[in-house]
Amino acid sequence: VPLDPSLKRTTMNWAIDPPAIYEAIARIAKRSNGLPIYVTENGGSFGDVMGPDGQVHDHDRIALLDGYLAEVARARADGMNVCGYLVWSLLDNFEWAHGYERRFGLVHVDYATLKRTPKASYHWFAQLARRGVLPG
């Protein structure tokens, strides 16, 4: 099935389609006989830049995570045994096909100095974790 061309995309050209994670979890839940389900890698790369205020305002990543987590919450509400969710990635990192040019992390890494700066998405996700309530 071709992807909807109207969907927003990451810098990896991946479609941002939150309902797809619900569909994937539902397929796995149907086959797993109630075994725990863990989403072990979910996130997106964006053109993150350090702003003049010394912060990275990665609102596209927050929107992506908010959308996907709302679908994970819907899966849980529908009785699927989703027990964990991990964001990819904590830190900007080396991507095997693109080196250091694509940024996935919740924490910005200055590759020249290795200074690490939590992005807006880091603070958003930390607040969500402290509350213990998924969006949706």
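For the structure given in this document, a descriptive report is provided here. (Residues numbered from 1 in each chain as written. Predicted model: local features only at pLDDT ≥ 70, side-chain atom pairs only at ≥ 80, totals over all residues. Heavy atoms only, no water.)

Some points on the side chain of aspartate 48
- Looking at the secondary structure, you find aspartate 48 in the loop between strand S1 (37–42) and helix H2 (59–77).
- Of the residues examined, aspartate 48 reaches a relative accessible area of 10% and is grouped as buried.
- Those residues in contact with aspartate 48 that sit more than four places away from it in its chain are Val56, Asp58, Arg61, Arg103, Gly105 and Lys119. (Helix = DSSP H or I, 4+ residues; strand = E, 2+ residues; numbered from the N terminus. Buried < 20%, exposed > 50% of the residue type's maximum accessible area, 1.4 Å probe, protein only. Contact = heavy atoms within 4.5 Å.)

Observations concerning the packing of aromatic side chains
- As enumerated under the stated definition, the model contains four aromatic pairs in all.
- With a centroid separation of 6.4 Å and 40° between ring planes, the pair formed by tryptophan 124 and phenylalanine 125 is classed as tilted.
- A relative accessible area of 21% places phenylalanine 125 in the partly exposed class.
- One aromatic cluster is present, formed by Phe94, Tyr100 and Tyr111 through successive ring pairs.
- Lying across the ring of tyrosine 22, arginine 74 places its NZ or CZ 3.5 Å from the centre. (Phe/Tyr/Trp six-rings, centres within 6.5 Å; stacked < 30°, edge-to-face > 60°. Lys NZ or Arg CZ within 6 Å of the ring centre and 35° of its normal.)

What to know about H2
- In a regular helix each residue adds 1.5 Å, so 19 residues correspond to 27 Å; H2 covers 26 Å between its end C-alpha atoms and thus fits that length.
- Taken as a whole, H2 has its buried residues at Arg61, Ile62, Leu64, Leu65, Gly67, Tyr68, Leu69, Glu71, Val72, Ala73 and Ala75.
- Where H2 is buried, its residues contact helix H1 (19–32), S1, strand S2 (82–87) and helix H3 (120–131).
- Once H2 finishes, glycine 79 follows within two positions and takes phi at roughly 95°, a positive value. (Expected span 1.5 Å × (residues − 1).)

Focus on the pairing of S2
- In the sheet, S1 pairs with S2 via four bridges, with the strands oriented parallel. Looking across to S2, one finds that valine 39 is bridged to tyrosine 85.
- Once the chain exits S1 it traverses H2 before rejoining the sheet at S2, and the crossover so formed is right-handed. (Pairing = 2+ DSSP bridges. Right-handed = clockwise from strand over helix to strand, strands pointing away.)

Structural notes on the packing of H2 against H3
- At a closest axis distance of 9 Å, the pairing of H2 and H3 adopts a crossing angle of 30°. In this view, H2 runs roughly parallel relative to H3, as classed from their interaxial angle. Across from Arg61, Ile62, Leu65, Asp66 and Leu69 in H2, the residues of H3 making contact are Ala120, Ser121, Trp124, Phe125 and Leu128.
- In the contact of H2 with H3, the residues fall into seven nonpolar, one polar and two charged. (Axes fitted to C-alpha atoms, helices over the stretch in contact; angles between N-to-C directions. Parallel < 35°, antiparallel > 145°, perpendicular 65-115°, else oblique. Nonpolar A, V, L, I, M, F, W, Y, C, P; charged D, E, K, R; others polar.)

Observations regarding unusual backbone geometry
- Backbone torsion omega between tryptophan 88 and serine 89 reads 10°, so that peptide bond is classified as cis.
- Among the secondary structure elements, serine 89 is positioned in the loop between S2 and strand S3 (107–109).
- Within the chain, asparagine 13 stands out as a residue other than glycine whose phi angle is a positive 65°.
- Within the secondary structure, asparagine 13 sits in the segment before H1.
- You will see that leucine 114, though not glycine, has its phi angle at about 70°, which is positive.
- Mapped onto the elements of the fold, leucine 114 is located in the loop between S3 and strand S4 (116–118).
- Leucine 114 sits in the exposed class, given a relative accessible area of 54%.

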